[in-house]
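So you can see what is in the structure, the chains are spelled out below.
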Amino acid sequence: MNARPEVSVSEEARHDGRGTGAEARSYYGRPVLKEPVWSREIPWYFFSGGLAGASASLAAAARLAGNVELARRARLVVLAGAAVSPVLLISDLGKPERFYNMLRVIKPTSPMSVGTWILSAFGTSVGIAAASKVLGVFPRLGRLSGTAAALLGPALSTYTAVLIADTSIPVWHEARREMPFIFAASSAASAGAAAAILTPVEAARPARRLAVGGALAEIAGVEVMKRRLGKLLAEPYEKGEAGRYDRLATAATGLGAAVMGMFGRRHRSAVVAGGALVLAGAALERWSIFKAGFQSARDPRYTVIPQRERRESRARADG
Amino acid sequence: MSETNVIPGSGSPDAFDIQGRETLETRPVIPLGQKGYEDGQPRMGFFTDTTVCIGCKACEVACKEWNDVPALPFELTGDSYDNTGALGADSWRHVAFIEQRKPVKVVQDAGLTTPASGDTDFRWLMSSDVCKHCTDAPCLDVCPTGSLFRTEFGTVVVQEDICNGCGYCVPSCPFGVLDQRQDDGRVWKCTLCYDRLKGGMEPACAQACPTDSIQFGPLEELREKANYRLEMVHEAGVTDARLYGADEEEYGMGAFFLLLDEPEVYGLPPDPEVVTRKLKSLWGPAAVAAGAMAVGVVAAFAGEGR
């Protein structure tokens, strides 16, 4: 054991080159985390799934309120969203032909597994409800399925927020308390906007209200999230592609809500323009959040600095 | 020469039957939250002692050879001797090289002559990184197909016949270990040589390591060894040496390290978290948000007559 030289680091050198909480050291600037491998299907699914989910609730509420015109249009949106969503998800898989492996387990610890079952149940309910309506058979089963879809809708619209928050990506995980509200608001806004565009002005008032209310909540939600994340972790949402999408989303959502709120009661064209802007804003916001995750994974600062601060504050608390 | 290809020293010929004969095997099923089998097989792992790593990359080569991991395109990074870059689908061991300007005093022992001994202002850190085979593994938690599973050795392995390439484990890993193989679509990572372990052999990297920087064994034994080694290194005056991942109270790893600088210098997260176990703060807000959305939809109809 003593037959070789021992190496010791001199006392004064120990303070040399050591990082403090404020600056981050890294391995050649390389990321600590891996960027997600998800491609453009995923943010589009966040949009389409959210839209379908919120539209199912809107359709059911319209039916209960006796607004047949609105219920019928909202159902069309549900059908379109429910048809597109699984296609987007499956085509993003590395091995799409093995998509059915998702159905071999029910895993409460995996939001993707939970979501797979939510989407499967939702899609099945929507399919049965639509078939019953079109073919005019089993009306009671059809209504029951519609109700089931309406109840699953809010879950479908929000679980995707949990899905991204349940990762090690700092700007997603640290926003886990706000993300579901942004997704819910954005889903409600897009469902309201889509239904308002399709429905005659007289019957579309609740849809317009939902679009405007959801749009305002969406803008507020993003603002609250960024404030709570703090200066450093809000950065990825404001920089680069994510920042561009975020600014466009806020502008489109705000303007769309204003146009729809002010002129939507009288002019169908205003509803179409405002609704399109709100829809675009909802999609852009999902894209902004999606891209911010990649940007924060790419730069080791967003991983290292908050973790060092956490460790140091814990050490201080321990005495 | 018998028909069975026996690798010397294995002591278990069946496991190394490379003639393609099928043998029946049952997959171990371990309930969620349990780290390993209660009795019998102890949890196995790695202790990577970076103080004796010489950066030979024998571990990288042995791993590629044994596991048939595809080659990387030849590329010089300019980052010291590191041309692997990071762990990934095609790199299950990665040797990091860190060049530091830092005065180092060479303490000479009696009875040993070192040529050109004396102080130097340069040190070279080398460390072989690998999947941590976490005690509470986020990748395993989020895998929606059950492709990722915990073996009877307490290690975390991807079943390649199940993985459908959803990619959820990739951003869930706090260490950036897992990645998708582009041409294949599935996710790949260190298996801690599950096949070799089943045959009673140590993992290829540990066997190939010429300085025993990579040690393999029952985790409890390794932790004891590591604590002893840390004391030794501290006594020698290297007080910034520290264990990383050896403390189950913090973030438990089945593969842990003795480092000579802060973890982030090696590209490791300084304070990793089991993100997937915060179920309350993950699902709670979602439940409230879903409820709020339902209320919002109903509220949109307020004042509407039938």
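Predicted model, so just to flag it, every value in this text is computed and none were measured.

A word on the overall build of chain A. For chain A, the count of helices and strands is 10 helices and one strand. The order of helices and strands in chain A, counted from the N terminus, is β-α-α-α-α-α-α-α-α-α-α. Each principal axis of the C-alpha atoms in chain A carries an extent, and together these give about 90 × 45 × 35 Å. Here chain A holds 319 residues, and the buried ones make up 55% of them.

Within chain B one finds seven helices and 10 strands. Within chain B, counting contacts between residues at least 6 apart in sequence, those at least 24 apart form 62% of the total.

Moving on: the nonpolar core. Core analysis: the largest hydrophobic core is formed by 179 residues, its most contacted members being Leu 58, Ala 195, Ala 211 and Val 278 of chain A together with Cys 139 and Cys 169 of chain B. Counting residues per element, this core draws most heavily on helix α6 (residues 179-198) of chain A, at 14 residues. Once residues within four sequence positions are removed from consideration, Ala 195 of chain A is found in contact with Ser 55, Leu 58, Leu 70, Arg 73, Ala 74, Val 77, Ala 204 and Ala 207 of chain A.

A few words now on the confidence of the model for chain A. Within chain A, residue pLDDT values average 92, and 93% of them lie at 70 or more. Considering only residues more than four positions removed or in separate chains, one finds that residues 1-22 of chain A, a stretch of pLDDT under 50, has 43 contacts.

A common measure of how large an interface is: the accessible area buried when the components associate. If you look at the interface, chain A gives 82 residues, while chain B gives 73 residues. Secondary-structure elements contributing two or more residues to the side of chain A that touches chain B are β1 (6-9), α1 (41-64), α3 (111-135), α4 (139-165), α6, α7 (205-238) and α10 (300-317) of chain A. Looking at the side of chain A that touches chain B, the element that brings in the most residues is α4 of chain A, giving eight residues. Class assignment of the residues belonging to the side of chain A that touches chain B gives a composition of 38 nonpolar, 25 polar and 19 charged.

Residues and elements named next belong to chain B. Read from one edge to the other, the open sheet built from four strands follows the order β8-β1-β10-β9, with strand pairing classed as mixed. Edge positions in the sheet fall to β8 (214-218) and β9 (242-244), since each has one partner strand and no second. Across the sheet, the mean angle separating the axes of adjacent strands is 20 degrees when strand polarity is ignored. Bridging between strand β1 (residues 44-49) and strand β10 (residues 255-259) involves four bridges; their strand directions are parallel.

Relative to the 28 Å expected for 20 residues at 1.5 Å per residue, α6 of chain A spans 29 Å between its end C-alpha atoms, a close match to the ideal helical length. Along α6 of chain A, 19 of the 20 residues are buried, which leaves the element largely enclosed by surrounding structure.

Turning to the packing of α1 of chain A against α4 of chain A, a few remarks are in order. All names here are of chain A. Where α1 meets α4, the axes come as close as 7 Å, and the angle between the chain directions of the two elements is 145 degrees. Two packed elements cross with a definite hand, and for α1 against α4 that hand is left-handed. Mapping the contact onto sequence places Phe 46, Gly 49, Gly 50, Ala 52, Gly 53, Ala 54, Ala 56, Ser 57, Ala 59 and Ala 60 in α1 and Gly 146, Thr 147, Ala 149, Ala 150, Gly 153, Pro 154, Leu 156, Ser 157 and Thr 160 in α4. Broken down by class, the residue content of the contact of α1 with α4 amounts to 10 nonpolar, nine polar and no charged.

Turning to the packing of α6 of chain A against α7 of chain A, a few remarks are in order. The angle between the axes and the distance between the axes are what describe a pair of packed helices. All names here are of chain A. Their axes nearest at 7 Å, the elements α6 and α7 cross at an angle of 155 degrees. Taken together, the axis directions place α6 and α7 in an arrangement best described as roughly antiparallel. When you trace α6 past α7, the crossing you get is left-handed. Residues Phe 181, Ile 182, Ala 185, Ser 186, Ala 188, Ala 189, Ala 191, Gly 192, Ala 193, Ala 195 and Ala 196 of α6 form the contact with α7, whose participating residues are Ala 207, Arg 208, Leu 210, Ala 211, Gly 214, Ala 215, Ala 217, Glu 218, Gly 221, Val 222 and Met 225. Per-class residue counts for the contact of α6 with α7 are 16 nonpolar, four polar and two charged.

Another point: helix α7 (residues 279-299) of chain B. End to end, α7 of chain B covers 30 Å across 21 residues, agreeing with the expected 30 Å (1.5 Å per residue, within 8%). When we look at burial in α7 of chain B, the residues that qualify are Leu 282, Trp 283, Pro 285, Ala 286, Ala 289, Ala 290, Met 293, Ala 294, Gly 296 and Val 297 of chain B. If you follow the buried residues of α7 of chain B, they end up packed against α1, α4, α6 and α7 of chain A.

Turning our eyes to something else, we now look at the environment of Gly 199 of chain B. With respect to the helices, strands and loops of the structure, Gly 199 of chain B is situated in the loop between α4 (194-198) and α5 (204-208). In sequence terms Gly 199 of chain B and Pro 171 of chain B are 28 residues apart; their C-alpha atoms lie 32 Å from each other.

Moving on to the pairing of β1 of chain B. Residue and element names in this part refer to chain B. Most of β1 sits inside the fold, with six of its six residues counted as buried. Residues Met 44, Phe 46 and Thr 48 line one face of β1 and the alternating positions Gly 45, Phe 47 and Asp 49 line the opposite face, and both faces are buried. Where β1 lies against β8, five bridges are found, and the strand directions are antiparallel. Counterpart to Phe 46 in the pairing with β8 is Phe 216.

In this structure, Ser 80 of chain B is a non-glycine residue whose phi angle is positive, near 50 degrees. C-beta crowding within 10 Å serves as the criterion here: with 15 such atoms nearby, Ser 80 of chain B is assigned to the partly exposed category.

Residue and element names in this part refer to chain A. Its location among the elements puts Ala 121 in helix α3. You can call Ala 121 partly exposed: it has 16 C-beta atoms within 10 Å. Linking Ala 121 and Ala 249, residues 128 residues apart in sequence, is a C-alpha distance of 31 Å.

This part covers the confidence of the model for chain B. Residues and elements named next belong to chain B. Averaged over every residue, the pLDDT of chain B is 86; the share at 70 or more is 81%. Segment residues 1-28: pLDDT under 50, and 22 contacts once partners within four positions in sequence are set aside and those in other chains are kept. This stretch, residues 108-116, has a pLDDT under 50; its non-local contacts, to residues over four places away or in other chains, come to 11 contacts. As scored by the predictor, the complex reaches a pTM of 0.88 and an ipTM of 0.91.

Cut-offs applied
Residues numbered from 1 in each chain as written. Chains lettered and ligands numbered in written order. Predicted model: local features only at pLDDT ≥ 70, side-chain atom pairs only at ≥ 80, totals over all residues. Helix = DSSP H or I, 4+ residues; strand = E, 2+ residues; numbered from the N terminus. Buried ≥ 20, exposed ≤ 12 C-beta atoms within 10 Å, placed from the backbone. Contact = placed C-beta atoms within 7 Å. Core = buried A, V, L, I, M, F, W, Y, C linked by C-beta atoms within 7 Å. pLDDT = per-residue confidence, 0-100. Nonpolar A, V, L, I, M, F, W, Y, C, P; charged D, E, K, R; others polar. Pairing = 2+ DSSP bridges. Axes fitted to C-alpha atoms, helices over the stretch in contact; angles between N-to-C directions. Expected span 1.5 Å × (residues − 1). Left-handed = near helix turned anticlockwise from the far one by under 90°. Parallel < 35°, antiparallel > 145°, perpendicular 65-115°, else oblique.

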